[in-house]
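The chain contents come next:
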Amino acid sequence: MCGIISYKGPQNCYPILLNGLKRLEYRGYDSAGIVSLYNNQLLQNKRVGKVQVLEKEILSSIKINSNIGIAHTRWATHGKPSNENAHPHLDNLEDIAIVHNGIIENYSSLKDFLLKKGFSFKSETDTEVIVQLISYFINSKNLDYVDAIYAALELVEGAFAIVILNKNFPDMLIGARKSSPLLLGIGKSEFFFSSDASAIIEHTNQIVYLEDHEMCIINGDTYEITDFRTRESLEKIVDTVHLEIEDIEKGTFDYFMHKEIHDQQRTIINTISGRIDNEHVLLNGLFPFWDNIVNSSKAYITACGTSWHSALIGKIFIERFAKIPIIVDYASEFRYNDSPIDSSTCVIAISQSGETADTLAAIKKSKELGATTVGICNVPGSSISRETHCGVFTRCGSEIGVASTKAFTAQIIILYLLALKLAQSKNSLSKKEIVQCLDFSSLSEKISKVLIKEKNIKEVALKYCNSSDFLYLGRGINFPIALEGALKLKEISYIHAEGYPAAEMKHGPIALVDKNMPTVFLVSKDKSYDKILSNIEEVKSRNGKIIAITDSDDEKLSKLCNDIILVPQSNEFVFGILSTIVLQLFAFFIAVEKGCDVDQPRNLAKSVTVE
Ligand code: G6P
């Protein structure tokens, strides 16, 4: 979702801002813009479409050199994608420019107020009211610049990360945040504001994460961080961020998603390493709150999208291994419902980005009600990782493709380890059982065997790329995996796909089955094998096309199916990981064949920072 990058320092801001915008593309956007200070005037370029379009326009104009500028990728909320609605927005006097990520909920009443005061608006956005409001306080109320921003922030309601540039204060850049991410990057005599570290990591790894209600005033070579409610100065820690450039580049792959699917052979090792010591699971981040977690009387897992599918798998393993009942809820529902949360409740939030607005709100609510909160996040320094009492990082590196891949497998590994650690504390599994469950020795090799078969997966996928609907069916943990497989296909190829528990098919979805409808079955050689064969027969007898992902080379199965994708024989959990990778590749090859924008699918955002 919207991305912010800003620069102030000795270098020309344009290459830095354009490169930063490209790094932010993965968040999802529909237009982009830059405002810099040039010859004492605000110079504005805004374009609907890709950053490349904006770049072309800027590079084709006279050679511009400016040492201060603000830039933005916009994901439309208020007003359609257009040049006018793209950020930055200027006040009527064209003195001040703003970029904004978030939603101003009371923008309509503020706009009415400003219209009555004679202001005119060029865009349909909620953002424009903030910059006009600041101008109002400066020009009608004679407040000085910084006080005008404080006054404006007192009035706006909702979520925002903003950066402001004022042509009358050419040495100043001001950023503020409430419920939307923003960080300050500190370089050598230069400063950056950014939505995330990937946009500035080439320049600095020294980061100050702004918290809610904080404002950062860069002035010349110094900066000051204040609480914009009290206007008092705050002491903040400068963090060193560890982010590898290779992680945010495609390398030899044409698509980030393809690279990230392949990354899994390596990332699962990062996720696991240092977390198993013989028969012991070490999740040290949970240590300070472990007693609360183990002794909680109720436990919830909350998340959105792919992370919600991980939660469903977490529930299965925690209930099975540790005998703790788990309720899984979408964060967007959980944040508003009346779940009985109190100080004996544990709430686990799963989020790749650590910035999803609904998940963050669910955590804040749980904390207010006294629960112990646990974060399972991929991005260190992210809002959810800082807001939760304790947590575990998934450590799978930056995920750039909008459709989540390696984060999912990392999340389910962490949840599986958590289930075993809980079982250890609860004595609900024997030492021998735990040791057996912790045997990941051949996982990476098995993943590599699946990846080597991608040509075969592609051949199967291409046979079905003209189908308009798919069913994905599985039982046990293969049901959430089916949901995730269907979501992957939907997200990147725009083909309608639904996941169901295989037996539930009889209660509705079977009505859709005909010769045009492919059904993807997840068939692991476990206790449900015979039952799933019966489900396959049911589809077969209605002329449905059947694709099975399986670790069984049973002839009976191959006779029933149109296509089989065989993965190495494994236990149930490892089968889940291997079949997930097959489903990711299956969706990927269909989407590429259809000419879809795989890494940045239409309408989707990587990091959903608005409600
Ligand atoms: C967006 C992304 C999904 C992701 C979901 C939750 O919809 O496109 O890939 O699963 O948000 O994101 P989170 O960062 O909280 O896991």
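For the structure itself, look to the data block above.
Residues numbered from 1 in each chain as written. Predicted model: local features only at pLDDT ≥ 70, side-chain atom pairs only at ≥ 80, totals over all residues. Heavy atoms only, no water.

(A) Structural context of the sheet that holds strand β6 (residues 96-104). Taken together, seven strands build an open sheet; the order of strands is β5-β6-β7-β8-β12-β13-β14 and the sheet is antiparallel. Both edges of this open sheet fall to β5 (89-90) and β14 (233-234), since each of them pairs with a single strand only. The pairing of β5 with β6 spans two bridges and is classified as antiparallel. Opposite L90, over in β6, you have A97 as the bridge partner. The strands that helix α4 (residues 128-139) touches are β5, β6 and β7 (158-166); relative to β6, the one it contacts most, it runs at about 130°. (Pairing = 2+ DSSP bridges. Helix = DSSP H or I, 4+ residues; strand = E, 2+ residues; numbered from the N terminus. Contact = heavy atoms within 4.5 Å. Axes fitted to C-alpha atoms, helices over the stretch in contact; angles between N-to-C directions.)

(B) Region of the structure containing the packing of helix α16 (residues 478-493) against helix α19 (residues 572-593). Running from amino to carboxyl end, α16 crosses α19 at an angle of 15°, the nearest separation of the two axes being 9 Å. The orientation of α16 relative to α19 falls into the category roughly parallel. α16 and α19 meet at a crossing whose hand is right-handed. Contacts between α16 and α19 pair N478, I481, G485, K488, L489, I492 and S493 from the former with F575, G576, S579, T580, L583, Q584, A587, F588, I590 and A591 from the latter. (Parallel < 35°, antiparallel > 145°, perpendicular 65-115°, else oblique. Left-handed = near helix turned anticlockwise from the far one by under 90°.)

(C) View of the layout of surface pockets. Reported here for the largest pocket is a volume of approximately 870 Å³. Lining the largest pocket are 38 residues; nearest its centre among them are L243, N378, V379, P380 and S398. Counting only elements with at least two residues in the lining of the largest pocket, the list comes to β15 (239-240) and α6 (256-272). Broken down by class, the residue content of the lining of the largest pocket amounts to 13 nonpolar, 13 polar and 12 charged. Approximately 580 Å³ is the volume attributed to the second largest pocket. Surrounding the second largest pocket, 27 residues form its lining, C304, G305, T306, E491 and V608 being those nearest its centre. At five residues, helix α8 (residues 305-322) tops the list of elements feeding residues into the lining of the second largest pocket. Taken together, the residues of the lining of the second largest pocket sort by class into 10 nonpolar, 13 polar and four charged. (1 Å grid on protein atoms, 1.4 Å probe; cavity = no way out; pocket = protein on both sides within 12 Å on 5 of 7 lines; lining within 4 Å. Points joined across faces, edges and corners; volume = space filled by probe spheres on them. Nonpolar A, V, L, I, M, F, W, Y, C, P; charged D, E, K, R; others polar.)

(D) Structural context of the environment of D553. Take D553: it is sitting in the loop between β26 (545-550) and α18 (555-560). Of the residues examined, D553 reaches a relative accessible area of 67% and is grouped as exposed. C-alpha of D553 to C-alpha of H72: the two residues are 481 residues apart in sequence and 52 Å apart in space. (Buried < 20%, exposed > 50% of the residue type's maximum accessible area, 1.4 Å probe, protein only.)

(E) Structural context of the site of the ligand. As a structural note, the neighbourhood of the ligand is formed by 14 residues, with S307, S351, Q352, S353 and T356 the closest of them. Within the contact set of the ligand, an oxygen atom lies 2.6 Å away from a side-chain nitrogen or oxygen of S351. The backbone of V402 places a nitrogen or oxygen atom 3.2 Å from an oxygen atom of the ligand. Coverage of the ligand by the protein chains reaches 91% of its 390 Å² of free accessible surface. When residues in the shell around the ligand are grouped by element, the largest group, three residues, is from α8. (Near = heavy atom within 4 Å. Polar contact = N/O pair within 3.5 Å; in protein donor to acceptor, adjacent residues only side chain to side chain. Areas by Shrake-Rupley, 256 points an atom, 1.4 Å probe, with all protein chains shown as cover.)

(F) Spotlight on the nonpolar core. Residues F470, Y472 and F586 are the most contacted members of the largest nonpolar core, which totals 92 residues. Those residues in contact with Y472 that sit more than four places away from it in its chain are A482, G485, A486, L489, A497, E498, G499, Y500, V520, L583 and F586. F119, F121, V129 and I130 belong to the second-largest nonpolar core, a separate cluster that totals 32 residues. (Core = buried A, V, L, I, M, F, W, Y, C linked by side-chain atoms within 4.5 Å.)

(G) Seen up close, unusual backbone geometry. Going from H87 to P88, the amide bond is cis rather than trans, its omega being 0°. Of note, P88 is situated in the loop between β4 (68-74) and β5. Despite not being glycine, N39 has its phi angle at roughly 50°, a positive value. As for its placement among the helices and strands, N39 is situated in the loop between β2 (31-38) and β3 (41-48). Note on N39: relative accessible area 61%, which makes it exposed. At R395, a position not held by glycine, the phi torsion is positive, near 55°. Mapping R395 onto the fold places it in the loop between β22 (390-393) and α12 (406-426).

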